[in-house]
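For reference, the chains in residue letters:
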Amino acid sequence: MSDPQQPRRRVPGPAAPRGRRPGPAGRTPRSGGAKGRGPGAPSGRGPRPGRPAQRPIRLGSPRPRLRLISLTLTLVMLAFVVRLLQVQAVEADTYAAKSRVNRYITHTIAAERGSITDRSGGELATTVDAYDIIGDPYLFTPEQSGSRDAPERAAELLAPILERDEDGLAEKLSAGDSRYAVLARRQSPQVWQQIKDLRDGFAEKAGSGGESNPLAGIYQEPHSKRIYPNRELAAGILGFVNAEGRGGGGLEAKLDKELAGEPGKITYAHSGGRRVPTESAREQPAVPGSDVRLTIDRDLQWAAQRAITEQVRTSGAQRGYVVVQDTRTGEILALANAPGFDPNDISAAGTGLGNPALQDAYEPGSTSKVMSMAAVLEEGAATPGTHVTVPNRLHRADRLFADDVDHPTWYLTLNGVLAKSSNLGTILAVEQLGTTQKEANKVLHSYLRKFGIGRPTGLGYPGETPGILAKPEDWSASQQYTIPFGQGLSINAVQAASVYSTIANGGVRVEPTLVRGTTGPDGRFTPAPEPRATRVISEKTAKTLARMLESVVGSEEGTGTKARIPGYRVAGKTGTSNRVDPDTGRYNGYTASFAGFAPADRPRVTVYCAVQDPDPDKGSYFGGQVCGPVYKQVTEFALKSLKVAPTGADPAKLPVTFEPRG
């Protein structure tokens, strides 16, 4: 119950419905017209003066907001789903390729280049590990490296290690449209290890929160560096390998395909410049090159090279060559040039990188007379004892011909013409090959061709000259008389040696060879094809010529006495020819030469020596004096090395002169 003495507390009534006006004195009519005051009815008092009427509080509905949030989340999820489908399905290949750009790298695996050995397996050219230093310019772009000066930073670090120009390295690494730039070739394992250690050190700092790795885009490609352990020995034969690792000359170039093998490749994942060990790699292994075994005897090559080098130096000559050939098989046992070069450092060789013994064409002089004699004997125009009266001068065509020395009339046998190396006697003998000079020229030309003059030797050596031999109808008035004694035609040193090997081999020419065979990656040895053999003259003529050549060395009247070897029968021939100066195209100086084989009655080895332009002020320029001693030194070494014993037979003693009647 309420206390009637207390004032009644005012209780606010419910808010008036919208649109309904309040009644008089601020009252709101009761709904339904009910009399009296119900609970919560207004007290009948109006609002206090100066205070606004209070509006009722009403809570909003959350549903619209929830709908908006749901719609927004649905749109976001839908965008993610669409993008995921685009990446995983529609453009999956494109994005996979982009990821591989930086994640995967492909390296070439260089094939091991085959070795070159002498006939006994002694190494003449071999390989050691080396590396090409490679940069990936794309990884040095600002987008990939995060630095605008990444190429310059890397170049600054690499220049002192590679001994390269810093600006040049930076330029190569700045080609951002490329993925491959060779910074340095054929570097030693020590150089690459230094770069690798430096790169790995930066990679560790980058992994621990440091700056980016400035060498992350630097890699190596394994290669093999060509090494010639004997330096200048046989350099003219071997040639060299160029900066790209391909044969640049000599047998290295000729046999490049067999020696080089087939390179492979490997693709692997990398991160920060280092290979990811947990990722698999795709590898195509390289196929090693074949090993090549030559016919060269390393010891004999050394002896020949030493002898010709010393003679060139002593005589003040421009250069010289020595060829040693097995008379039975045609195999070249030594092929020496002086001066030589070191194929380990071709930059110091200048222009002397070739093989002059095969690439120089020169007029042979009197060593060529043996072919003229072969034609005369084979055609039956004369015999070794045929008398030949040799005047002091011989008038032919529009000129007078003479011998190397001034002399009274000589009364020589055909054997004596060869022994004393008479130009005039040779002209007179060759004239007997036909009833006319044109016919004689044609017959002589046919024999020169059979001996291999004017055509390749068969070695297939790069840059080899076939020599010069004009057709007989093109011989000039003087050539038809000078060609019989070795002027007016040109040969190379191997051709000259082959002529004497043909005679020593019973008249059968066997093409010279330098390669005995190859050993493939499977270890199987494959012999070289048999060289072509061609009969040039009869065995009888060949034996007769061998006895005549003995007179050149054995007779006191011969020109080759300095080539004698105690205990052995030696067959040989001297040569002294006017030399065409390659700079002027005119005759200037001489070519001194000597060719022969031993033992004369059972030939085993042929040796040919030629020296270009010996200085007369330092000694003789005649072949017997300049090259005779070289022939003796090299042939002695060859006979001992090959264990060839003297035959013990008495030497042939053919007459050199005859007594004129009356």
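Residues numbered from 1 in each chain as written. Predicted model: local features only at pLDDT ≥ 70, side-chain atom pairs only at ≥ 80, totals over all residues. Heavy atoms only, no water.

Named according to an unreviewed UniProt entry, the chain is Penicillin-binding protein 2 originating from Streptomyces xinghaiensis. The Sequence similarities (unreviewed entry) comment attached to the chain in UniProt states, word for word, "Belongs to the transpeptidase family." (UniProt positions renumbered as here; feature names shortened; annotations may be inferred.)

(A) Highlighting the overall build of the chain. Looking only at helices and strands, the chain features 20 helices and 24 strands. Among the 662 residues that make up the chain, the fraction classed as buried is 46%. Sequence separation of at least 24 residues holds for 71% of the intrachain contacts in the chain that already meet a minimum separation of 6. Carbon and sulfur atoms make up 50% of the accessible area of the chain, which totals about 34600 Å². (Helix = DSSP H or I, 4+ residues; strand = E, 2+ residues; numbered from the N terminus. Buried < 20%, exposed > 50% of the residue type's maximum accessible area, 1.4 Å probe, protein only. Contact = heavy atoms within 4.5 Å. Areas by Shrake-Rupley, 256 points an atom, 1.4 Å probe, with all protein chains shown as cover.)

(B) Inspection of the layout of surface pockets at higher detail. The volume enclosed by the second largest pocket comes to roughly 690 Å³. Lining the second largest pocket are 30 residues, with Arg 186, Ser 224, Val 241, Asn 242 and Gly 245 sitting closest to its centre. Counting only elements with at least two residues in the lining of the second largest pocket, the list comes to strand 4 (181–187) and strand 5 (218–227). For the lining of the second largest pocket, a count of residues per class yields eleven nonpolar, nine polar and ten charged. (1 Å grid on protein atoms, 1.4 Å probe; cavity = no way out; pocket = protein on both sides within 12 Å on 5 of 7 lines; lining within 4 Å. Points joined across faces, edges and corners; volume = space filled by probe spheres on them. Nonpolar A, V, L, I, M, F, W, Y, C, P; charged D, E, K, R; others polar.)

(C) Examining the pattern of salt bridges more closely. All chains considered together, the criterion is met by 22 salt bridges. As a salt-bridge pair, Glu 310 and Arg 313 come within 2.4 Å of each other at their nearest N and O atoms. With Glu 310 and Arg 313 both in helix 10 (residues 298–315), this residue pair falls three residues apart, about one helical turn. Note that Glu 431 and Arg 396 form a salt bridge whose closest N and O atoms lie 2.6 Å from each other. (Salt bridge = Lys/Arg side-chain N within 4 Å of Asp/Glu carboxyl O.)

(D) Spatial organisation of unusual backbone geometry. Omega for the bond connecting Ala 338 with Pro 339 falls within 30 degrees of zero, at 0°, which places this linkage in the cis form. Here Ala 598 and Pro 599 are connected by a cis peptide whose omega angle stands at -15°. Within the secondary structure, Pro 599 sits in the loop between strand 23 (587–598) and strand 24 (605–612). The phi angle at Arg 231 is positive, at roughly 55°, despite the residue not being glycine. Relative accessible area serves as the criterion here: at 46%, Arg 231 is assigned to the partly exposed category.

(E) Inspection of a nonpolar patch on the surface at higher detail. Together, Leu 71, Leu 75, Leu 78 and Val 82 make up an exposed nonpolar region whose accessible area comes to about 390 Å². As for its position among the elements, Val 82 is in helix 1 (residues 63–90). (Patch = residues over 30% accessible without salt bridge, like charges linked within 9 Å, V, L, I, M, F, W, Y side chains within 5 Å.)

(F) Up close: the UniProt feature "transmembrane region" (unreviewed entry) in the chain. Using the residue numbers shown here, the UniProt feature "transmembrane region" (unreviewed entry) corresponds to residues 66–85. With 100% helix and 0% strand, residues 66–85 has end C-alpha atoms that lie 28 Å from one another.

(G) Spatial organisation of the pairing of strand 11 (residues 291–294). Of the two faces of strand 11, only the one carrying Val 292 and Leu 294 is buried; Asp 291 and Arg 293 on the other face are not. Two strands pair when backbone bridges link them, and strand 2 (residues 116–117) and strand 11 are joined in this way by two bridges, in the parallel orientation. By the bridge assignment, Ile 116 is partnered in strand 11 with Val 292. Across four bridges, strand 11 lies against strand 19 (residues 515–519) in antiparallel orientation. Paired with Leu 294 across the two strands is Val 515, which belongs to strand 19. (Pairing = 2+ DSSP bridges.)

(H) Geometry of a negative patch on the surface. On the surface, Asp 149, Glu 152, Glu 156, Asp 165, Glu 166, Asp 167 and Glu 171 cluster together into a negatively charged patch. For the negative patch, the secondary-structure elements that each account for two or more residues are helix 4 (150–162) and helix 5 (166–173). When residues in the negative patch are grouped by element, the largest group, three residues, is from helix 5. (Lys, Arg positive; Asp, Glu negative; His and termini not counted. Charge placed at Lys NZ, Arg CZ, Asp CG, Glu CD.)

(I) Expanded view of the packing of aromatic side chains. Counted by the stated rule, this structure contains six aromatic pairs. With a centroid separation of 4.8 Å and an interplanar angle of 50°, the aromatic rings of Phe 594 and Tyr 631 are classed as tilted. Of this pair, Phe 594 sits in strand 23 while Tyr 631 sits in helix 20 (residues 628–641), placing them 37 residues apart in sequence. Both residues of the pair, Phe 594 and Tyr 631, belong to the buried class. What links up through ring pairs into an aromatic cluster is the set Tyr 590, Tyr 621 and Phe 622. The cationic tip of Arg 293 hangs over the ring face of Phe 525; the distance from NZ or CZ to the ring centre is 4.8 Å. One residue, Lys 450, lies across the ring of Tyr 447, its end atom 4.8 Å from the ring centre. (Phe/Tyr/Trp six-rings, centres within 6.5 Å; stacked < 30°, edge-to-face > 60°. Lys NZ or Arg CZ within 6 Å of the ring centre and 35° of its normal.)

(J) Summary view of the sheet that holds strand 13 (residues 332–338). Across the sheet, which stays open at both edges, the five strands sit in the order 13-12-24-23-22 with antiparallel pairing between neighbours. Of all strands in the sheet, those bounded by a partner on one side alone are strand 13 and strand 22 (571–580). Along the sheet, successive strands turn relative to each other by an average axial angle of 10°, direction set aside. Where strand 23 meets strand 24, eight bridges bridge the pair, whose relative direction is antiparallel. When the bridges of strand 24 are listed, Thr 591 appears paired with Gln 612. Across the sheet, helix 20 touches strand 12 (319–326), strand 22, strand 23 and strand 24, and the angle it forms with strand 23 is around 30°. (Axes fitted to C-alpha atoms, helices over the stretch in contact; angles between N-to-C directions.)

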